[in-house]
Amino acid sequence: MDSSVTTLPDERLREIRQLAGRFTLELVKALVQTGYYSSEHPASRTVARDLYQQFQEVARDAYELTYVLASTVDERGVMIEGLTPDPIEVARALTGTMGDHFVAKLHDYFVRNRIASFTIKRHIEEPEFTAFLGLWVTWATRISAVEGRTATAVMAEELDRAGIFGVTVVGMDEVPGQARHLPWPTRLALARLRTELGRLTEIRRARPEAMAELKARAVGDAVRAVRRAATLAEVLLHADLVTETVRTFSQAEVDHAVAEAIPPRRLAEVASLFLDWFETEQRHAAGTAPPGRDLAAHRDAVERSARLVAARLARLHVPDSDPLIERAYGIGLIDLQVLPEEIRRKFKARDLCDCFLESSAVYLRDFESCAAPKSYLKYLNVFAVILPELIRRKEAAAVGSILAAFDRHLKEEAPPFVGRSRFIEETLTVLDRAGAVAELVHLACRTPKEARAGLEAGVALFKARAVPDLVACLGAEDVSERAAAVAVLQQIGADAVPAILEELRSHRHPWFTLRNLIALLGHARVRAGLSVLRPFMRHPHPKVREEVVQTFALVLGDEAEKALIPFLDDESPVVVRKAIHHLGGIRSTAPAFLSRVYEAVRLRTRAEEEPDAALQTACLTALAQYEHQLMPETPDLEGTLLEAVHPPPWRARLPGRFGVRPKPVELLVLAIRALGALGTGRSLAVLGDLVADRSEEVKQAAIEAAEQIRGRLTSQVTQSPLKF
């Protein structure tokens, strides 16, 4: 079957089934109706021309069309192969009462003429097709003098004499392999192969290269029609059944031609089967002879076929075939020089890895002390070969030691020779092209924390090239793996920012990955692209919004006030406290911020609900950073704090809205410290009264705050102006 058949759209497949049914119907009608006329009759010519056009349409996407007799008993047992991935049942293609009638006619024609299959190839020309049709429709009337068992053989001879090579007929009596109990598809494929090659025996005086081309084409025609890998393998294994009758070609020639004709897309499956068979024969020395074949001959065929298929697989190096090629090399079916360069390097790397691991400490010590450029480059070439293999083996300690040495050499300010850093960078590029970065990232992130320092430094050497794989690790379920990825990305720093911004724009990550990505932006301190965080200010998860606050503060510094103010109204108390913390850190005097602080720390009546203690703690801690900061007249935070730390005693004893709720000692101490930072002379009297408080914590805080105010009053430090 042609390779294009496997890629047809569904609509085309339905169309092909309909066209195949129509063509088959007209073909059978020709048997019934046109058989009374000669091939020169105008009616016959018209039928032949119409049939040829229909054939060209139905076989447009295929290499050939084959009718196969699947059962001699069931009248519905004729199949159409070669047009679609799956065979088409003629009985389903021809529907209705008349359809059943013509299906029976076609089946009867196959059985009476002992036809197992016949194939029409797409490249057949119209005159050749017309000549074939003339034989096809008159054959039944001309076989009365021919023995049934030889009918198809005579038909094949007539096709050859007429120069009709676009049609191949296989008779039921010509199908080999019954003694070996082979499946019918395998026997039919062997018969087709024998028929195609048998035609070449009549060719005389052909040049060797022309004969080789014809042989390859004939074998390709027979093998191309086989869909299943198991059938292809069995055809190659039992190809000796072909050379029993076709003696023009040697067994080796036929085996080689069949192996070369196996479609590349099926080659890996066929190779896998032969490797299994070969290993099975190797394990069972005694063994049992298969039906109809000597044990020694069977084993020789298995080995010979396995070598041919493995060699072709190594030569073509089809996708995902590396494990099979390595397996074939391991059991001695192919030699080292036959292997693809990439796999040869892999085996070389394994040998070098074994040698390195035996004396890694000595090797690394010599590398560290190497001061000659040529020798140093030789070391790097070895590392470029063995590092991918060490990573595959998960030799974390060895990989970490090598990459840590690279990191130290790159950071060394005075290298022993010019160009050492360039040598290392080129080696890193080679490793990246070899696909080692992704596996290295996974190894580093899955190694225990205490053993991965060298691996983290090594991954960071690849800079932006390692970022996509590190970002993938940020989505891992294992928290330790995510932490390792974050640590490496922090080492990469600004080089990771473009990729991180791109990941944030994609909006495809879970909240914990977003949180880490945003935190990494803050760590890098890069302002470019910071606007990408604006959509995350409204992210449903508070941890993400909290990280946005942190990043704005880290990146924007004293200019973060405008970006942080909106978070004061966030629904999450944690996010609000984080915003207050950072606004206090830059000593914001924005009215919205100061009003929020005032509202949180003011003294409340007993009828009012007291704000959350954590919020008051955040506000008071923020105010403690406002020393030497000029404050606006409203709100009067100093007066608010004085009232909070020393409310009128009589109000503290009143109930309801007339009484006040005193602050707990913990908040009282924080409020006194805030007074020490922003208080003036009017706070000294109150602080003096608090020195006599019964609480030692309050007493000590009051003494320190009073001293802080007096020191500020007597100093010459200028207060910072208000921010607008």
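Small disclaimer: the values here were computed from a predicted structure and weren't measured.

Q: An account of the overall build of the protein is requested, with residue identities and associated values reported.
A: If you tally the helices and strands in the protein, you get 35 helices and five strands. Its C-alpha atoms give the protein a radius of gyration of 44 Å, more than 25% over the compact-globule value 27 Å for 724 residues. Referenced to the eigenvectors of the C-alpha coordinate spread, the extents of the protein come out at roughly 135 × 70 × 45 Å. In the protein, the share of contacts with a sequence separation of at least 24, taken over all contacts with a separation of at least 6, comes to 70%. Surface summary for the protein: the accessible area is close to 34,900 Å², and the carbon and sulfur share equals 53%. Averaging the positions of the 93 positive and the 98 negative side-chain charges in the protein gives two centres separated by 1 Å.

Q: Provide a residue-level description of the packing of aromatic side chains, including the pertinent values.
A: Applying the stated criterion across every chain, the model contains 22 aromatic pairs. Considering the side-chain rings of phenylalanine 55 and phenylalanine 129, the 6.0 Å spacing of their centres and the 20° angle between planes classify their relative orientation as stacked. Here phenylalanine 129 lies in helix 5 (residues 126-138) and phenylalanine 55 lies in helix 2 (residues 42-58), a separation of 74 residues in the sequence. On the numbers, 6.0 Å between centres and 40° between planes, the contact of phenylalanine 118 with phenylalanine 132 is tilted. Remark: phenylalanine 132 occurs in helix 5 and phenylalanine 118 occurs in strand 4 (residues 115-121); sequence separation between them is 14 residues. The residues phenylalanine 118 and phenylalanine 132 share a single accessibility class, namely buried.

Q: Let's hear about the pattern of salt bridges: which residues, and what values?
A: As a working rule, side chains carrying opposite charge can pair if their charged atoms are close by. For the coordinates displayed, the defined rule picks out 60 salt bridges. As a salt-bridge pair, arginine 192 and glutamate 196 come within 2.9 Å of each other at their nearest N and O atoms. Here the residue arginine 192 and the residue glutamate 196 both occupy positions in helix 7 (residues 184-199), the gap between them amounting to four residues, near one helical turn. Accessibility classification places arginine 192 together with glutamate 196 in one group, the buried group. For glutamate 269, the salt bridge is made with arginine 266, and the minimal N-O distance between the two is 3.8 Å. Of this pair, glutamate 269 and arginine 266 are both found in helix 12 (residues 264-283), three residues apart, which corresponds to roughly one turn of the helix. Through salt bridges with shared partners, a single network forms among Glu326, Lys346, Arg350, Asp354, Glu389, Arg392 and Arg393.

Here is what the cut-offs are and how they apply
- Throughout, a residue's number is its position along its own chain's written sequence, starting from 1.
- Per-residue local features are limited, in this predicted model, to residues with pLDDT of at least 70; the limit for side-chain atom pairs, both in listing and counting, is 80 or more; totals at the level of whole chains, interfaces and linings are taken over all residues.
- Note that the side-chain values use all heavy atoms of the structure and ignore hydrogens as well as water.
- Only DSSP runs of H or I reaching four residues or more are called helices, and only runs of E reaching two or more are called strands; each is numbered from the N terminus.
- Here the globule rule reads 2.2 Å times residues to the power 0.38, and the radius of gyration is calculated from C-alpha atoms.
- Throughout, a residue-residue contact means that at least one pair of heavy atoms, one from each residue, lies within 4.5 Å.
- Per-residue and other accessible areas follow the Shrake-Rupley method at a 1.4 Å probe size, with only the shown protein chains counted as cover for residues.
- When charges are counted, neither His nor the chain ends are considered; positive counts come from Lys and Arg and negative counts from Asp and Glu.
- Where a charge lies is defined by one atom per residue type, namely NZ (Lys), CZ (Arg), CG (Asp) and CD (Glu).
- Think of it this way: a Phe, Tyr or Trp ring, Trp meaning its six-membered ring, pairs with another when their centres are within 6.5 Å, and the plane angle makes it stacked under 30 degrees, edge-to-face over 60, tilted otherwise.
- Buried, partly exposed and exposed residues are distinguished by accessible area as a fraction of the type maximum, computed with a 1.4 Å probe on protein chains only: under 20%, between the cut-offs, and over 50%, respectively.
- Note on definitions: salt bridges are taken to be side-chain nitrogens of Lys or Arg within 4 Å of carboxyl oxygens of Asp or Glu.

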